[in-house]
Structures are given as C-alpha cells and as structure tokens.
Amino acid sequence: MSAIERFAQRLSQLKGVEHFVLTRNDGQLVTHDLPEPDELASLVTLCGLSAQAIRKTVGFSQFKHLVCACARQPDLIIFPLERYFLGIRKKAGANQAELIAEVTRFLQRLLVPHKAGE
C-alpha cells in the first residue's frame, strides 16, 4: 500500500469525516473518497488559494483551517498543507471543533518526523 493510500485510509476512518479531497495548490487532485470529486476539489483549491491571498494581504502569518458553512450540504473544512489543501466534508451531527482538533492531530503526526524508538 502506498503512502497516499495509507493517508486516505486513515483519514477516512477519523470520526466525523464524511468525505475528503486532497489537492495540490495548482488544482491537481491527489486523492479522495468521492465517486465524482472534481467539483469539491475545485472548491477546496479556490477557497484555499483565496484564504492564502487574504492572509497575505491582511498580514496574518498563517491560516490553520477555513470553515465554509453550506446551506444544503455538510460544512466544508479546509486545511492548508504546504503545497496542498485538504478538504473535509463534516458528517451531519459531528462536532465541528472535535473534528478540527482530530484532523489537526492527524496531520501533525504526519508532518512531524518521529524520533528513533517511537
């Protein structure tokens, strides 16, 4: 199993994740768990790029996540990952704060190199 397949499998098992897409910041779709991911992938990329542009214009050092509340669909939470954006559709009824914290921990474990013996 490739690293991206392991990433997708672990991410889909997190409590509160309905669906996800991972895109590069140039719009290239990397992985997802949707039958038709193109619309969500485009939305995630555009929102992520826009949030980065606003961050730079306003002078913030970074954005940790962006929440898009949708009237007819579950909320969309976007996490920036260097050259990538991760978009998560929240399961109906899931606690948003808990989901954000769980996804953040998951991503931090991936991005922080493990010490020998751990």
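All values reported here derive from a predicted model rather than from experimental measurement. Just so you know, the residues in each chain are numbered from 1, in the order the chain's sequence is written. Owing to the predicted nature of the model, reporting of local features is limited to residues with pLDDT of at least 70; listing and counting of side-chain atom pairs is limited to 80 or more, with chain, interface and lining totals taken over all residues. With hydrogens and water stripped out, all remaining heavy atoms of the structure feed into the side-chain values.

A. Structural context of unusual backbone geometry. Positive phi is not limited to glycine here, since Glu-82 has a value of about 50 degrees. Relative to the assigned elements, Glu-82 resides in the loop between strand 4 (76–81) and strand 5 (84–90). Going along the chain from the N terminus, every DSSP run of H or I of four or more residues is numbered as a helix, and every run of E of two or more is numbered as a strand.

B. Summary view of the environment of Leu-107. Note that Leu-107 resides in helix 3 (residues 96–111). Accessible area is worked out with a 1.4 Å probe on protein chains only. A residue is then buried under 20% of its type maximum, exposed over 50%, and partly exposed in between. Leu-107 sits in the buried class, given a relative accessible area of 7%. Placed 21 residues apart in sequence, Leu-107 and Leu-86 show a C-alpha to C-alpha distance of 9.9 Å.

C. Representation of the packing of helix 1 (residues 3–12) against helix 3 within the structure. As a packed pair, helix 1 and helix 3 sit with axes 11 Å apart at the nearest point and diverge in direction by 155 degrees. Considering the angle they form, helix 1 stands roughly antiparallel to helix 3. Between helix 1 and helix 3 the crossing geometry is right-handed. Contacts from Phe-7, Arg-10 and Leu-11 in helix 1 reach Phe-106, Leu-107 and Leu-110 in helix 3. By residue class, the composition of the contact of helix 1 with helix 3 is five nonpolar, no polar and one charged. The axes used here are C-alpha line fits, helices contributing only the stretch in contact, and every angle between their N-to-C directions lies in the interval 0 to 180 degrees. For classification purposes, angles smaller than 35 degrees are called roughly parallel, those larger than 145 roughly antiparallel, those between 65 and 115 roughly perpendicular, and all remaining angles oblique. It is the rotation of the near helix from the far one that decides the hand of a crossing: anticlockwise by less than a right angle makes it left-handed, clockwise makes it right-handed. Residues count as neighbours in contact if any of their non-hydrogen atoms are within 4.5 Å of one another. By the convention adopted, Pro, Cys, Tyr, Trp, Phe, Met, Ile, Leu, Val and Ala count as nonpolar, Lys, Arg, Asp and Glu as charged, and the other residues, Gly among them, as polar.

D. Molecular detail of the pairing of strand 1 (residues 17–24). Two strands pair under a simple rule: DSSP has to find at least two bridges between them. Where strand 1 meets strand 5, seven bridges bridge the pair, whose relative direction is antiparallel. Residue Phe-20 lies in a different strand from strand 5, and its bridge partner there is Ile-88. Across three bridges, strand 1 lies against strand 2 (residues 29–32) in antiparallel orientation. Bridge pairing links Leu-22 to Thr-31 in strand 2. The hairpin formed by strand 1 and strand 2 contains four residues between the paired strands, and Gly-27 there has a positive phi angle of roughly 95 degrees.

Interpretation note: all reported values are geometric properties and have no functional meaning in isolation.
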